[in-house]
Protein chains: 2
Amino acid sequence: MKNYQKLVAHYQSIHNFEHLRAICSWDQATNMPSGGAESRAQAMAELAVHLHKLHTAEELEELINNASLEQLTEHQHASLREITRVWQHATALPSSLVKAKSLAGARCEHQWRLQRQQNNWPQFKHNFDEVVSLSQEEAQIRADLLGSTPYDAMLDIYEPGMTSVQLDALFGDLASWLPDMIQQAKTSCVDQHNAHFAIEDQTRLANELMAFLGFDFNHGRLDTSVHPFCGGVSQDTRITTRYESTDFLNAMMGVIHETGHACYEQNLPKDMQALPVGKARSMAIHESQSLFYEMQIGRSDAFIQFLSGKAQALFKQQSEHNTPNMLKAQLQQVQPSLIRVDADEVTYPAHIILRYEIEKALINQEIQCGDIPELWDAKMTQLLGISTKDNYKDGCMQDIHWTDGSFGYFPSYTLGAMYAAQFKAAMMQSVNIEQHLSEGDFSPIYAWLKNNVWQHASRYTTEELLIKSTGQPLNTEFFKTHLRKRYCNG
Amino acid sequence: MKNYQKLVAHYQSIHNFEHLRAICSWDQATNMPSGGAESRAQAMAELAVHLHKLHTAEELEELINNASLEQLTEHQHASLREITRVWQHATALPSSLVKAKSLAGARCEHQWRLQRQQNNWPQFKHNFDEVVSLSQEEAQIRADLLGSTPYDAMLDIYEPGMTSVQLDALFGDLASWLPDMIQQAKTSCVDQHNAHFAIEDQTRLANELMAFLGFDFNHGRLDTSVHPFCGGVSQDTRITTRYESTDFLNAMMGVIHETGHACYEQNLPKDMQALPVGKARSMAIHESQSLFYEMQIGRSDAFIQFLSGKAQALFKQQSEHNTPNMLKAQLQQVQPSLIRVDADEVTYPAHIILRYEIEKALINQEIQCGDIPELWDAKMTQLLGISTKDNYKDGCMQDIHWTDGSFGYFPSYTLGAMYAAQFKAAMMQSVNIEQHLSEGDFSPIYAWLKNNVWQHASRYTTEELLIKSTGQPLNTEFFKTHLRKRYCNG
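Rules of the game
- The residue numbers shown here count from 1 along each chain, following its written sequence.
- Starting at A for chains and at 1 for ligands, labels are handed out in the order in which the entities are written.
- The model is predicted, so local features are restricted to residues of pLDDT at least 70 and side-chain atom pairs to those at 80 or more, both for listing and for counting; the totals for chains, interfaces and linings are taken over all residues.
- Neither water nor hydrogens contribute to the side-chain values; these are computed over all heavy atoms in the structure.
- UniProt positions are given in the numbering used here, feature names are shortened, and annotations may be inferred rather than shown by experiment.
- Least-squares fitting of one copy onto the other uses the C-alpha atoms of those residues that reach a pLDDT of at least 70 in both copies.
- Contacts are assigned to residue pairs with any non-hydrogen atoms lying within 4.5 Å of each other.
- Angles here are taken between N-to-C directions and fall from 0 to 180 degrees, while the axes themselves are lines fitted to C-alpha atoms, restricted in helices to the stretch in contact.
- In this description a helix means any DSSP run of H or I spanning at least four residues, a strand means any run of E spanning at least two, and both kinds are numbered starting from the N terminus.
- The cut-offs work like this: below 35 degrees is roughly parallel, past 145 is roughly antiparallel, 65 to 115 is roughly perpendicular, and the gaps in between are oblique.
- Note on convention: the crossing is left-handed when the near helix lies turned anticlockwise from the far helix by less than a right angle, right-handed when the turn is clockwise.
- Here, a strand pair is defined by DSSP locating no fewer than two bridges between the strands.
- For every residue, the accessible area obtained with a 1.4 Å probe (protein chains only) is divided by the maximum for its type, and the residue is called buried under 20%, exposed over 50%, and partly exposed between those limits.
- Any N or O atom pair separated by 3.5 Å or less is treated as a polar contact, with the protein-specific requirement of one donor-capable and one acceptor-capable atom, and with residues adjacent in sequence counted only for side-chain atom pairs.
- Accessible area, probed at 1.4 Å, shrinks when two parts are joined; the buried area is that loss added up over both.
- The term salt bridge refers to a side-chain nitrogen of Lys or Arg lying within 4 Å of a carboxyl oxygen of Asp or Glu.
- Classification convention: Asp, Glu, Lys, Arg as charged; Ala, Val, Leu, Ile, Met, Phe, Trp, Tyr, Cys, Pro as nonpolar; all other residues, Gly among them, as polar.

If you check an unreviewed UniProt entry, chain A appears there as Metal-dependent carboxypeptidase from Pseudoalteromonas luteoviolacea DSM 6061. The annotation that UniProt attaches to chain A under Function (unreviewed entry) is "Broad specificity carboxypetidase that releases amino acids sequentially from the C-terminus, including neutral, aromatic, polar and basic residues." For chain A, the Catalytic activity (unreviewed entry) comment in UniProt is given as "Release of a C-terminal amino acid with broad specificity, except for -Pro."

Now for the relation of the copies chain A and chain B. Superposing chain A onto chain B requires a rotation of 180 degrees together with a translation of 0.0 Å along the rotation axis, leaving an RMSD of 0.1 Å. Viewed as a symmetry operation, the transformation between the two copies matches a two-fold axis. With an isologous cut-off of 70% or more, the 100% of interface residues of chain A that recur at the interface of chain B puts this contact in the isologous class.

All names here are of chain A. It is the contact of helix 1 (residues 2–30) with helix 4 (residues 74–91), at a shortest axis distance of 11 Å, that shows an interaxial angle of 55 degrees. When the interaxial angle is binned, helix 1 and helix 4 end up oblique. The interaxial crossing formed by helix 1 with helix 4 has left-handed handedness. Along its contact with helix 1, which presents Tyr4, Gln5, Leu7 and Tyr11, the element helix 4 presents Gln76, Ser79, Leu80, Ile83, Val86 and Trp87.

The feature "active site" (unreviewed entry), as annotated in UniProt, sits at Glu258 of chain A in this numbering. With residues near it in sequence (within four places) discarded, glutamate 258 of chain A still touches Pro228, Phe229, Cys230, Ile239 and Thr240 of chain A.

Next up on the list: the sheet that holds strand 3 (residues 236–241) of chain A. All names here are of chain A. Strand order in the open sheet made by the three strands is 1-3-2, with mixed pairing throughout. Edge positions in the sheet fall to strand 1 (220–224) and strand 2 (230–233), since each of these pairs with one other strand and no more. In this sheet, adjacent strand axes meet at a mean angle of 20 degrees when their direction is disregarded. Its contacts with the sheet place helix 10 (residues 248–266) against strand 1, strand 2 and strand 3, and it is angled at close to 165 degrees to strand 3.

A word on the UniProt feature "binding site: Zn(2+)" (unreviewed entry) in chain A. Residues and elements named next belong to chain A. In this structure's numbering, the residues bearing the UniProt feature "binding site: Zn(2+)" (unreviewed entry) are His257, His261 and Glu287. With the annotated positions falling across 31 residues, the maximum pairwise C-alpha distance of 8.9 Å places them together in a single cluster. As for its placement among the helices and strands, histidine 257 is situated in helix 10. Owing to a relative accessible area of 11%, histidine 257 belongs among the buried residues under this scheme. Excluding residues within four positions of it along the chain, histidine 257 makes contact with Glu287, Ser290, Leu291 and Glu294. Separated by 3.5 Å, the side chains of histidine 257 and glutamate 287 make a polar contact.

Our focus in this paragraph is the interface of chain A and chain B. Counting residues at the interface gives 35 residues for chain A, matched by 35 residues for chain B. The contact between chain A and chain B buries some 2800 Å² in all, and 51% of this surface belongs to carbon and sulfur atoms. Linking chain A with chain B are four salt bridges. The salt bridge involving aspartate 236 of chain B is made with arginine 40 of chain A; its shortest N-O contact spans 3.4 Å. Summed over the shared surface of chain A and chain B, the number is 22 residue pairs in polar contact (both at pLDDT 80 or more). By residue class, the composition of the side of chain A that touches chain B is 12 nonpolar, 16 polar and seven charged.

Let's shift gears to unusual backbone geometry. Residues and elements named next belong to chain B. The phi angle at aspartate 390 is positive, at roughly 60 degrees, despite the residue not being glycine. By secondary structure assignment, the location of aspartate 390 is in the loop between helix 15 (372–384) and helix 16 (411–427). Although it is not a glycine, alanine 457 sits at a positive phi angle of roughly 45 degrees. Take alanine 457: it is sitting in the loop between helix 18 (443–452) and helix 19 (462–470).

Looking now at the sheet that holds strand 2 (residues 230–233) of chain B. Residue and element names in this part refer to chain B. A sheet is described by the order of its strands in space; here three strands give the open sequence 1-3-2, paired in mixed fashion. The sheet terminates laterally at strand 1 (220–224) and strand 2, the two strands that pair on one side only. Across the sheet, the mean angle from the axis of one strand to that of its neighbour is 20 degrees, orientation sign disregarded. Examined bridge by bridge, strand 1 and strand 3 (residues 236–241) share five bridges and lie parallel to one another. When the sheet's bridge partners are listed, threonine 224 is paired in strand 3 with threonine 241.

Structure follows, in structure tokens:
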């Protein structure tokens, strides 16, 4: 095991530098005064270069090859598999391409902020063409290494093992079912006039909810930032939210979502936190935990009842805004809309399917950038009944993800929603979720997730994990059943 | 200049990693939940090892030697002098000694916390003997390199260029003068019963004082921690204080003190921040700036008047506690006492002189650890008229500094106080400090410090800096005059 042990030491070192990066990134978003940005950017760039050196150290290839010939336990085999995966991704691309893509992405993202406001597709397309072309080059290199299609090679970064053949089936099934479902589920808009919720009270409620949901404050904290996120490290997990005095639900749903991410991090096994096998399984599984918390729990009738009680006690002057019915009307509202990040649970998958179909064709070089606006409009009309003709800023220019070439990431959101529904269905075979929630007891739900998801980290592949915990591979029926039950009374 | 430029790039890299260390250390003291301590300690240790590698990189010796033969500007000469100094200190000791001292120091400090409570000198001495013996070894190695006495070699870490011959003269002068001065200056105790100052209001006052004193909030912030400190980096300077609801002066004096440190950091020249020559001159000069703010300004009659006005406006219910006379009675109180950190401006030097005399003899191997308690008692009796016989916890076991072998550091405090008095006297030749303060205008004072101290960073030696800004080397008369004037009506 001499070679394997050397790998362990090497990844422990990487883990330590990633710890520093996580804390300094968190600080950047929560505390750093703007005048500190320049020197921080330099320090972070230095750290990125150092981490890249560690991830691509020359000796790793030989150590990995030799370690695979050593007597390893089953656990160590899984660990070596994940080390190999991380190493392959880190060394896949020539530095020149990494640098070119990083520069093109930074330029595209920077100018996108203004171009989006100006609805200026032609100018955006100029930068975006370069990002796409470099991403196609990247995807081809990765595809040659993995023996897959270019797009599948990008997908592998965020959800290892997932293929577009599987996604075509999963998303195709959803796509054919969704438009009808949305028509049935559509509700009227809820508008809360004149509501006021003191930030101090919202913060107190946020902390209470986190404690209820099992967040370990001895190993983490809550702060505020412009965009909510979950950062830090698993022994010190930092989540953030943002508050508006006219709407407390927004901040609370952010907190509940990030608490799902945080509980996963906080419950990764202590003895292998430094190793790739000890990290969260994938972006999609991570998202499944935040969506389990936010969607499966946070927007359920039982939780809304519980939340209403807490809100009534805290926001005494606002009691008419906090009845279970009023909260439900907001938390279970369904309204087709243009913007993904504002979408509800039912229409959200439509936004993802649309992006998936377009980015897959783009990376596989079946379409060109110039084709995107028309495709976007056609798919939006088909799935949600809304046109985006000539409206680029609320259409194909709305997201930040493509500007830096993160192709393959979008599917994680809907995969996460589907995994979450499947976990919930499996959990219900042994846990009476609604009853526990109505009794104010989250611990059996927490224990199920800990035992079935969190503690396994990356020991199993996603499919193995799913079969182990739910008895079968990913199946869209659970998600569809969940949506039907919540939004169409079964 | 090829070699010099390579050195610049190397120290830029060190600076970047030190940036990460500074932010993560600050986070540790202000935000980190206790459960995060273990993984943070590992990450910080990894970073320390990496910084050590960079500081002792093999190629540096040759680069430094070659650079000294290159055509350099005056500025670059100073820069190379400081690089050489930093490199010499970093490479002076064999790693085995650094490690042994670090372990012995950690053990001694850890056990000291309980041993001090228990007044257990014999058990403390057991660990401390080892720390002293390793420090003596360290001092001897450094002395051989510098061609100085062992103690002077330790002094050089904190105040380059200062020698014990000079300190003997400076401190000897003070020591013979202080006991009489203290007798004359002694005041009665002030006790503030039943005062209450809301933490929220104290925080607001702290921010107002910082703004008044020139703190740049675009490049820094104020937080709370158990022990006040100034950390972060010069473009993002983080100061902290601690609040007690029964006493607002304590927090404010902490804030004013740390703001002095912070303004020095924030005004270091932007173009050489990454290089040793662009860092603060020395620990003693750093302390001179915090003491200038706290002692020369913060406890002056004119500032007390100004502070009283602010406090009266904020703490309306507490007006009898905030009159200028009441604030003055507290801020200019003189009382011989056992504990250094609680000492006032007049008795503080006595605590330092005592430690200086003992640590010098200890490091030069003229006395042994076992001699310390008796010496402590004798010197306390002589200087302050208080015995510490059998009272180790409030005597030689009170400080944390010796437990990790930081011998040579204590003199910085009183050197700082003396430098501050000398800067003030020089400033008064062109700036009417009292009048500006009474008019609520700090900017001429700030400008003088910026032009005469801050902007020079480490371009000059301490003595050169002092002569340039005040016209002469360090002279105890300025400090004595200051104390006489404030505490004995001239």
